Amino acid sequence: MTYTLLHGGTVVDVSGQTLTDILIKDGEITAVGNFSHLSEGDIQRIDCTGMLLLPGGVDVHTHLDSPLMGTTTADDFESGTIAAAMGGTTTIVDFAMQTPGSTLLDSLQVHREKAKHKAAIDYGMHMCITDLYDGAIDELPVLRQEGVSSLKIFMAYRGTLMLNDGQMYDVLKGASKAGSQVCVHAENGDVIDRIAEELVAQGKTGPGYHELARPPKTEIEAVERAIRIADMAEAPLYFVHLTTEGSVEAVARARSVGMPVSAETCTHYLTLDRAIYDEPGFEPAKAVLTPPLRTFEHREALWRGLNSGALSVVSSDHCPFCFEDKQRLVGADFRSIPNGGPGVEHRMSVVYGKGVAERKITIEKFVEITSTFPAQQFGLYPQKGHLGVGADADVVVLDPQGVTQISAGSQFQNIDYTLYEGWSLPGEIKKVFSRGKLVAADGQFVGQVGNGKYLQRAGY
Ligand code: URP
Ligand code: ZN
Ligand code: ZN
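Computed from a predicted model, the values in this text were never measured in an experiment.

Enquirer: Is there a simple way to think about the overall build of the chain in this case?
Expert: When its secondary structure is counted, the chain shows 13 helices and 21 strands. In terms of overall dimensions, the chain has C-alpha extents of about 75 × 50 × 40 Å along its principal axes. Classification of the 460 residues of the chain by burial places 61% in the buried group. Within the structure as shown, the chain displays about 17,000 Å² of accessible surface, and the carbon and sulfur contribution to it stands at 49%. Of the side chains in the chain, 39 bear a positive and 58 a negative charge, and the two mean positions are spaced by 2 Å.

Enquirer: In this structure, what is going on with helix α12 (residues 347-356)? I would like to understand it.
Expert: Three or four residues apart is the spacing at which side chains of an α-helix point the same way, because the helix has 3.6 residues per turn. The element α12 is extensively covered by neighbouring structure, given that nine of its ten residues are classed as buried. The complete set of buried residues in α12 reads Arg347, Met348, Ser349, Val350, Val351, Tyr352, Gly353, Gly355 and Val356.

Enquirer: Just checking my understanding: could you explain the site of ligand 1 for this structure?
Expert: Around ligand 1, a shell composed of His61, His63, Lys152, Phe154, His185, His241, Leu289, Thr290, Asp317, Cys319, Asn339 and Gly340 is seen. Contact with the protein chains hides 98% of the accessible area of ligand 1, taken as 270 Å² for the molecule alone. Because more than half of its atoms lie within 2 Å of the grid, ligand 1 is assigned to the largest cavity. When the residues that make up the shell around ligand 1 are grouped by side-chain class, the tally is three nonpolar, seven polar and two charged.

Enquirer: Would you mind going over the layout of surface pockets with me for this structure?
Expert: Gaps left between atoms are located by rolling a probe of water-molecule size over the structure's atoms. By volume, the largest pocket is sized at about 590 Å³. As for the largest pocket, its lining consists of 28 residues, and the residues nearest its centre are Met69, Tyr157, Arg158, Thr160 and Leu161. Put simply, the parts of the chain that give the lining of the largest pocket at least two residues each are β9 (67-68) and α5 (189-201). Considering every element that reaches the lining of the largest pocket, the biggest residue donor is α5, with five residues. Class assignment of the residues belonging to the lining of the largest pocket gives a composition of twelve nonpolar, ten polar and six charged. Volume-wise, the second largest pocket comes out at about 360 Å³. Lining the second largest pocket we find 20 residues, and of these Met86, Thr404, Gln405, Ile429 and Gly443 sit closest to its centre. The residue inventory of the lining of the second largest pocket, partitioned by class, reads seven nonpolar, nine polar and four charged. Domain assignment of the residues forming the lining of the second largest pocket places at least three in each of domain 1 (3-54 + 392-401 + 425-445) and domain 2 (55-377).

Enquirer: Whenever I open this one, the coordination of the zinc ion (ligand 2) confuses me. Can you help?
Expert: Angles at a metal have ideal values that depend on geometry: 109.5 degrees with four tetrahedral donors, 90 or 180 degrees with six octahedral donors. In the first shell of the zinc ion (ligand 2), the protein supplies Lys152 (NZ), His185 (ND1) and His241 (NE2), at 2.1 Å from the metal. Between consecutive donors of the zinc ion (ligand 2), the numbers of intervening residues give the motif K-x32-H-x55-H. Here the zinc ion (ligand 2) and the zinc ion (ligand 3) are spaced 4.2 Å apart. With Lys152 in strand β13 (residues 150-154) and His241 in the loop between β15 (237-239) and α8 (245-256), this residue pair connects regions lying 89 residues apart in the sequence. There is no split in this pair, since Lys152 and His241 are both buried.

Enquirer: Hey, could you run me through the nonpolar core in this one?
Expert: Across soluble globular proteins, nonpolar side chains have a tendency to be buried as a group. Core analysis: the biggest nonpolar cluster contains 110 residues, and Leu54, Ile129, Leu172, Val184, Leu237, Phe239 and Phe366 have the highest contact counts within it. The element best represented in this core is helix α7 (residues 216-233), accounting for seven residues. The residues that make up this core include at least three from each of domain 1 (3-54 + 392-401 + 425-445) and domain 2 (55-377). Those residues in contact with Ile129, other than ones at most four positions away along the chain, are Gln98, Leu104, Leu140, Leu151, Lys152, Ile153, Leu161, Leu163 and Val171. Counting 22 residues, the second largest nonpolar core, distinct from the first, contains Val93, Tyr157, Cys183 and Val313.

Enquirer: In this structure, what is going on with the confidence of the model for the chain? I would like to understand it.
Expert: Detailed reading of the predicted coordinates is not advisable wherever pLDDT falls low. Of the residues in the chain, 100% reach a pLDDT of 70 or more, and the chain-wide mean stands at 97. Taking the mean pLDDT of every element in the chain, the minimum, 91, falls on helix α11 (residues 323-329) and the maximum, 99, on strand β17 (residues 313-315).

Enquirer: When you look at the domain arrangement of the chain in this model, what are you seeing that I'm missing?
Expert: Frequently, the measure chosen for interface size is the accessible area removed from exposure when the parts meet. As far as domains go, the chain holds domain 1 (3-54 + 392-401 + 425-445) and domain 2 (55-377). Averaged C-alpha coordinates put domain 1 and domain 2 at centres separated by 31 Å. Each partner contributes to the interface: domain 1 provides 28 residues, whereas domain 2 provides 26 residues. Taken together, the links from domain 1 to domain 2 amount to one salt bridge. Close ionic contact of Arg435 with Asp122 constitutes a salt bridge, the shortest N to O distance being 2.7 Å.

Enquirer: Please clarify how the packing of aromatic side chains should be interpreted in this entry.
Expert: Taken as a whole and judged by the stated rule, the model has eight aromatic pairs. On the basis of an interplanar angle of 75° and a centroid distance of 6.1 Å, the ring pair of Phe154 and Tyr157 is categorised as edge-to-face. Residue Tyr157 is classed as buried on the basis of its relative accessible area of 16%. Centre to centre, the rings of Tyr420 and Trp423 are 5.0 Å apart; their planes meet at 70°, and the pair counts as edge-to-face. With respect to burial, Tyr420 and Trp423 carry one shared label: buried. Between the NZ or CZ atom of Arg214 and the centre of the ring of Tyr157, over which it lies, the distance is 5.4 Å. In this arrangement the basic side chain of Lys354 is found over the ring face of Trp423, its NZ or CZ atom lying 4.9 Å from the centre.

What counts, and where the lines are drawn
Residues numbered from 1 in each chain as written. Chains lettered and ligands numbered in written order. Predicted model: local features only at pLDDT ≥ 70, side-chain atom pairs only at ≥ 80, totals over all residues. Heavy atoms only, no water. Helix = DSSP H or I, 4+ residues; strand = E, 2+ residues; numbered from the N terminus. Buried < 20%, exposed > 50% of the residue type's maximum accessible area, 1.4 Å probe, protein only. Areas by Shrake-Rupley, 256 points an atom, 1.4 Å probe, with all protein chains shown as cover. Lys, Arg positive; Asp, Glu negative; His and termini not counted. Charge placed at Lys NZ, Arg CZ, Asp CG, Glu CD. Near = heavy atom within 4 Å. 1 Å grid on protein atoms, 1.4 Å probe; cavity = no way out; pocket = protein on both sides within 12 Å on 5 of 7 lines; lining within 4 Å. Sits in = over half its atoms within 2 Å of the grid points. Nonpolar A, V, L, I, M, F, W, Y, C, P; charged D, E, K, R; others polar. Points joined across faces, edges and corners; volume = space filled by probe spheres on them. Domains from an automatic or database assignment. Donors = N, O, S within 2.8 Å, 3.2 Å for Na, K, Ca; no water. Core = buried A, V, L, I, M, F, W, Y, C linked by side-chain atoms within 4.5 Å. Contact = heavy atoms within 4.5 Å. pLDDT = per-residue confidence, 0-100. Salt bridge = Lys/Arg side-chain N within 4 Å of Asp/Glu carboxyl O. Phe/Tyr/Trp six-rings, centres within 6.5 Å; stacked < 30°, edge-to-face > 60°. Lys NZ or Arg CZ within 6 Å of the ring centre and 35° of its normal.

Structure, rendered in structure tokens:
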């Protein structure tokens, strides 16, 4: 068949909803309009009556096949991108870690090799800078040419991942000159290390203490400091995984005076409570991720931040470690539990079910924060992030009357738990198209491993 016609559905974009058809050819959207008059011939017709047609999800924060805290994340590019596709995400931007002793360019090549012939959806890469060796800054323009126009730096994890403030300034300046942007993990690592030491000295070693070691102020202080340093470096700044009311306020203040500051939060910070850290035994380890889960007040502030525009992206921060591995690696106290949790498969369903269906956000806002804005922020728009003519035909067919059930037993993520166990959510993803090809249909993966393309991203 030359053409695919999605007809009878409601197309949603950031500015509204239209009852219209989408015509797809050679992986792209060739026309949007009413095509009921077209004769059968060369057209595969797909009835989308009653369905919402959404641009494929763009998840700009995943860690696939990634070395972290002495182990490797549980999903590789095959299982991770299949899980993404099943959950309506058709593009990821994954973090390539700089490996100790390697250059940025070599580390990027290592990560690109891991993705080759494995990805089921399209993917780009950020580069994490964890060791600012002489010459690292000179590689930023080369990375940019390779399509890696964003760099992550850490203000926490001294001794392994963290850069100091001067190094952060250097990276911000170098990135800005290269046309790239810096993504910051904002937590005051030194204070966190002190609090953690105090807790452990008091015998507070269990996994739930991870939360107490990383109080909201450790994030807020780092956010405020990073904004000031970016201002001094005259560079744009993007915050990953923000969790607190104070951080949202700091970003809003910066934006209100015209600073190029943007920020994301993640599915779990919007929808999950810190109460898991009070559970007995090793259960809290499932939520040993950084920053930790917060209280209701912070969650409400995050939803408000999305609605006001202070926050513009919801990512998954998919960084899966099996519960079994967390148990195996725990050592003497919570500090050695690998930090991270799963989420790429359930980001779209959870944000739709908890956000749109519970009227915290509109469906247009949903499209903006899960697809359009992440694509714009990370140099993928207009190829990704909308359903306009010429865009890649990445389309999610969502039934607002359907229901999504989540459980570890039925998920595609290669991990033995989910933080949304037993959830039943309004809205069901019926079909997902990646560049015009059906990859998910009625709960089955029908795509092809290896079909995902590396995305050369534009600069900032
Ligand atoms: O706990 C998390 N978020 N682990 C992944 C690494 C990071 O900081 O994003
Ligand atoms: Zn981080
Ligand atoms: Zn992360």
